[in-house]
Amino acid sequence: MPPTLPLEVERDGNVPRRLCSLVVPIGMVVSVSPGPLLRVEGQPVSLRCDVTDYEGPREQDFDWTMQQAEAGSIQVISTFDPKYSDLSLSDRVASGDLSVVRLGDSVVELRIQEVRSSDSATYLCSTPSTDSVFSGNYDAGVTLKVIANTLKVAPEAPEPVVPEGGDITLSCNVTRHFTDPTYLSVTWSLRRPGIPLVDILTVGPDGDVVTGSGSAQRYADGGLRLAIRRDGAFGLVVAGVTQADAGMYVCTGREWIHEEGGQWKNIVEKAVEMGAVAVTPTARSLSVVAMSNTTLNMDDTLTLTCLVSAGNLASLALEVTWLVDGRTAVSLGRDGVVSNGSPSVGLERTGPGEFRLVVRGVRGSDKGMYSCRVRAWVGGGGRWYQAAEKTSNPVQVLVTQIKPNFAVTLTPSSTPQVTGDPTELACHVTNITHFLAGGRLGVTWEYTPLPGPPGDRLTTAQTSLPIGSLDAHGNLKSGTLYRDRLESGAIVLTRVEPDTFKLRFLRTQDVDMGAYACSVTAWTPSRQGGMEEAAEFLTPPLTVRWEPKRPSLTAVAQRVREAVAGGATFEMSCTVSHVHLQDPGYSVLVQTQDSVDSATRTVLSLSPDSVLQHGGATDPNRRDSLVLTKTGPAEFRFHLAGVQQTDRGFYRCDITAWTKQPGQAWTKAVSAKSNKVQINFQETGPLFAVAIPILNKPNEVVLIEFSPLPPSDDLSYEVRWYLTRLRGGNKGTLLASVDRFGLVKKEARNASSDVSLERTDTHTYALNIHATQDSDSGEYHCQATPWYLSASTGAWTHGAELTSTRVFLTVRFPMWDSLKLPLLYGSVASVSVGLFSLLLGFICAHCCCRNTTHTPRSRNKLMDLEMD
């Protein structure tokens, strides 16, 4: 190999990491398969040759030569020259026995189809140089030694037919002449029709055992065993064979060498068919016979024998079960353990394929058809499977016995007169004979409906319906149609005495009319520890019927407390009476109408279970004022606190009677409506008293009084005063208000007049207008909202608003009275101003404008006078 430069390695922790690797070739390198090689004559041989580190074209040519001591060098074959082969080998080359196959541009393989002993030589592979510099090696050789094929495989034919569950012994002798260090192995295989050859087990050249893919568990369980004989023959025992083990068995011998590097190399092998093996199914040969019919008396011992035969009986594991009328009586497992046995019942194996059933002290329940069921199991070592199952012919066993005898009578203890009455029937057992110790009685009650009208299905098919039954242990079994009533206790089945049974209906319904019968069964102890039926007697039918009467209901409503005014309390009681009803429950609807012909609305309802619900006519804010209670077995009372105008109308009770069986839902029976009770109090509304309806002079005080209904402890008012400027106008302007607590509130005013609000007595509210002006003229009215106090919860609720009639207040304006003062004031002011002006002018003329020099009077008197 060419030398290489050292590798530079960097360590990352404990893991070396290669940074680079550089190989510097110094010439062509030719290599062949490592040797020496040892091969067997007649087997194919392949010799590989490859060249690396070369220059020139990618595809290289190769020449093969062989060197022998006697013949020297012989040219074998070449990839470049087709005439390269020696004449002694040309025929083999032409036939393809010798060939060279190119596996790549620089890799070829010399192949010999059937190597001969004369092919033993050193084979040299060479390639011409295509490098620019002649360096390296241009050939390499490997030594091949060919030995004679001395491998022999001599199997022994197995048994051609093996019963299921038996064993197959496969013996195979593999030998060869020991001239060189070679090793042997043997493989057993199975070939089945349509299935490829499957390896079962192999003994390798190093002595190791290798199982096939489907045989590992079987080998581990002991189903496959090796048996090496003294003569060196290999033996394999297949235990517990099944149908899957049938087929052609093949023995394959191989010769191995241990090549360089520790690898095993198979140099020759030979497969020989050992023989076909057929597996006989167990079911084909299995036979089960039971012996024989017998008749016994009470307390005798019953002995029955089951005979089992099969072709491979010794290799089968048997599971034996005795059946009585198809039911398992006792079993003997393949491990020898008895199931369902007892001191009086036993099953044992008395010989090969012979099993005996023993029943001591037989009873009447031991009679019947006995059969023996056998299950054959094949396998071993934990690998068991059921190969066959057969049941013997049935044998009849009769037990003679004296059955108990008694008489049964059915009598009514209580019969209904009307629907809902209780009913009780008694079933008596008398004159009991031949009743064994430990025996018990059971009863079954049946009902047959009465014939219906023509065309009814009950008329054509009168079938008995089971009500219920009590078994020997007193367990109750309910009939399908009566299960709910029995579970709820509406129907009771009892055993009051050892010989008396009773059927009781707590409330008889119309559908219960019909014919009743009781069937009494005598039970005696059975073999299995339970009870078995010994005798049964049925009574004649007893008809139970009555004349159905239609139930009726009457409801009467009475006024307990009358509401004479708003805010008062109204109470009404409703009393109900019934006929032909047994312990009914009642539901009540309190209904109201505004008038006799108006629609009916529900106020409150009370269910038969005393669940109270409010109806659609109930104001959610007043629900605390409504009470509906049951004050007696057939009396209900309705309470309405703080009545309002909207509560006026007609009230009545709608009562429904319900019946109920224990554990069942209520059933409606009949309904009735009571008479109507009216709430008809009158509220006259607020009244006015005006002290001065027309004012001739302003600035006077006007008193307007408002009188609603007198308030009480549970009634109060909220009062609001309004002013409308025009007659018949809208609601107007709010002047002042007082709430139900007496708090007064005034609105802001632009006028010079003022208002005040006061309560002058218990039922009078007064509005005072101070310093009235003409702007205070108009229509005055008030609105009152009543508030009612709930006696039950203490909460206040408001009623409908009450609006008073309107009062018009006129304030007159007198002209002279309104102008005399302004005129007087104006006149006085004018005179005062005039006098003041004259006085001021006089003063100014005399004090500020006077001439002090003397002016001579003109002679012309007329001119002076004019000037002055």
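Our subject is the structure that appears above.
First, a word on what this report is: a plain description of the structure on this page.

Quick notes on the rules
Residues numbered from 1 in each chain as written. Predicted model: local features only at pLDDT ≥ 70, side-chain atom pairs only at ≥ 80, totals over all residues. Heavy atoms only, no water. Phe/Tyr/Trp six-rings, centres within 6.5 Å; stacked < 30°, edge-to-face > 60°. Helix = DSSP H or I, 4+ residues; strand = E, 2+ residues; numbered from the N terminus. Buried < 20%, exposed > 50% of the residue type's maximum accessible area, 1.4 Å probe, protein only. Lys NZ or Arg CZ within 6 Å of the ring centre and 35° of its normal. Disulfide = S-S within 2.5 Å. Pairing = 2+ DSSP bridges. Polar contact = N/O pair within 3.5 Å; in protein donor to acceptor, adjacent residues only side chain to side chain. Salt bridge = Lys/Arg side-chain N within 4 Å of Asp/Glu carboxyl O. Axes fitted to C-alpha atoms, helices over the stretch in contact; angles between N-to-C directions. 1 Å grid on protein atoms, 1.4 Å probe; cavity = no way out; pocket = protein on both sides within 12 Å on 5 of 7 lines; lining within 4 Å. Points joined across faces, edges and corners; volume = space filled by probe spheres on them. Nonpolar A, V, L, I, M, F, W, Y, C, P; charged D, E, K, R; others polar.

### Observations concerning the packing of aromatic side chains
Then, in step 1: The full count for this structure, using the stated rule, is nine aromatic pairs.
Then, in step 2: Ring geometry for Phe406 against Phe537: centres 4.5 Å apart, planes inclined by 65°, an arrangement best described as edge-to-face. With Phe406 in strand β33 (residues 405-414) and Phe537 in strand β41 (residues 531-538), this residue pair connects regions lying 131 residues apart in the sequence.
Then, in step 3: Here the aromatic rings of Phe570 and Phe638 are separated by 6.5 Å at their centres, their planes lie at 65°, and the arrangement is edge-to-face. One end of the pair, Phe570, is in strand β44 (residues 570-579); the other, Phe638, is in strand β49 (residues 635-640), and 68 residues separate them in sequence.
Then, in step 4: For Phe570, a relative accessible area of 1% corresponds to the buried category.
Then, in step 5: An aromatic cluster is defined as three or more aromatic residues linked by ring pairs; in this entry it consists of Tyr447, Tyr482, Phe505 and Tyr516.
Then, in step 6: One Lys or Arg, Arg740, reaches over the ring of Trp787 and ends 4.4 Å from the middle of that ring.

### Overview of the state of the cysteines
What we call a disulfide is simply a covalent bond connecting the sulfur atoms of a pair of cysteines.
Then, in step 1: Across all of its chains, the model carries five disulfides by this definition.
Then, in step 2: A sulfur-sulfur separation of 1.8 Å characterises the disulfide bridge that pairs Cys172 with Cys251. Here the disulfide of Cys172 and Cys251 is left-handed, its torsion about the S-S bond being about -90°. Separated by 79 residues along the polypeptide, Cys172 in strand β14 (residues 168-175) and Cys251 in strand β20 (residues 247-258) bring together distant segments of the chain. The pair Cys172 / Cys251 is uniform in exposure class, with both members buried.
Then, in step 3: Along the protein chain, the cysteines that take part in disulfide bonds pair up as 1-2, 3-4, 5-6, 7-8, 9-10, counted in sequence order.

### Focus on the pairing of strand β9 (residues 107-112)
Then, in step 1: Of all the six residues making up β9, five are buried; the element is thus mostly covered by neighbouring parts of the structure.
Then, in step 2: Here strand β8 (residues 98-104) runs beside β9; their pairing, made up of six bridges, is antiparallel. Residue pairing in the sheet places Gly104 in a bridge with Val107 of β9.
Then, in step 3: Between β8 and β9, which pair antiparallel and follow one another directly, the connecting turn spans two residues.

### Considerations on the side chain of Thr448
Then, in step 1: Topologically, Thr448 is positioned in strand β35 (residues 440-449).
Then, in step 2: Taking relative accessible area as the criterion, Thr448 reaches 18% and is therefore assigned buried.
Then, in step 3: A distance of 3.1 Å separates polar atoms of two side chains, one belonging to Thr448 and the other to Ser464.

### Comments concerning the pattern of salt bridges
Then, in step 1: Tallying each qualifying case throughout the model produces 25 salt bridges.
Then, in step 2: The partner of Asp97 in a salt bridge is Arg92, and the shortest N-O contact between them spans 2.9 Å. Accessibility assignment for this pair places Asp97 and Arg92 in one class, buried.
Then, in step 3: The salt bridge involving Arg720 is made with Glu718; its shortest N-O contact spans 3.2 Å.

### Focus: the sheet that holds strand β19 (residues 234-238)
Paired through backbone hydrogen bonds, the strands of a sheet run either parallel or antiparallel to each other.
Then, in step 1: Across the sheet, four strands lie side by side as β12-β14-β19-β18; this open sheet has antiparallel pairing. Here the strands that pair on one side only, and so sit at the sheet edges, are β12 (152-156) and β18 (224-226). Going from strand to strand, the sheet's axes swing by 20° on average, the running direction of each strand aside.
Then, in step 2: With five bridges connecting them, β14 and β19 associate as antiparallel partners. Bridged to Cys172 within β19 is Phe234.

### Quick word on the layout of surface pockets
Then, in step 1: Here the largest pocket is characterised by a volume of approximately 550 Å³.
Then, in step 2: Forming the boundary of the largest pocket are 27 residues, of which Leu37, Arg39, Ile257, Glu259 and Lys265 lie nearest the centre.
Then, in step 3: Only β4 (37-40), β5 (45-52), β20 and β21 (264-280) provide two or more residues apiece to the lining of the largest pocket.
Then, in step 4: For the lining of the largest pocket, the leading source of residues is β21, giving five residues.
Then, in step 5: The calculated volume of the second largest pocket comes to roughly 450 Å³.
Then, in step 6: No other element matches strand β51 (residues 667-673), which puts three residues into the lining of the second largest pocket.
Then, in step 7: Considering only residue class, the lining of the second largest pocket consists of six nonpolar, 10 polar and six charged.

### Digging into unusual backbone geometry
Then, in step 1: In the segment running from Met291 into Ser292, the intervening peptide bond is cis, with an omega of -20°.
Then, in step 2: Inspection of the secondary structure assignment puts Ser292 in the loop between β22 (287-291) and β23 (294-297).
Then, in step 3: For Asp325, which is not glycine, the phi dihedral falls at a positive 55°.
Then, in step 4: Structurally, the position occupied by Asp325 is in the loop between β25 (317-324) and β26 (327-332).
Then, in step 5: Residues other than glycine seldom take positive phi values, yet Asn431 does so here, at roughly 55°.
Then, in step 6: For Asn431, the position within the fold is in strand β34 (residues 423-433).

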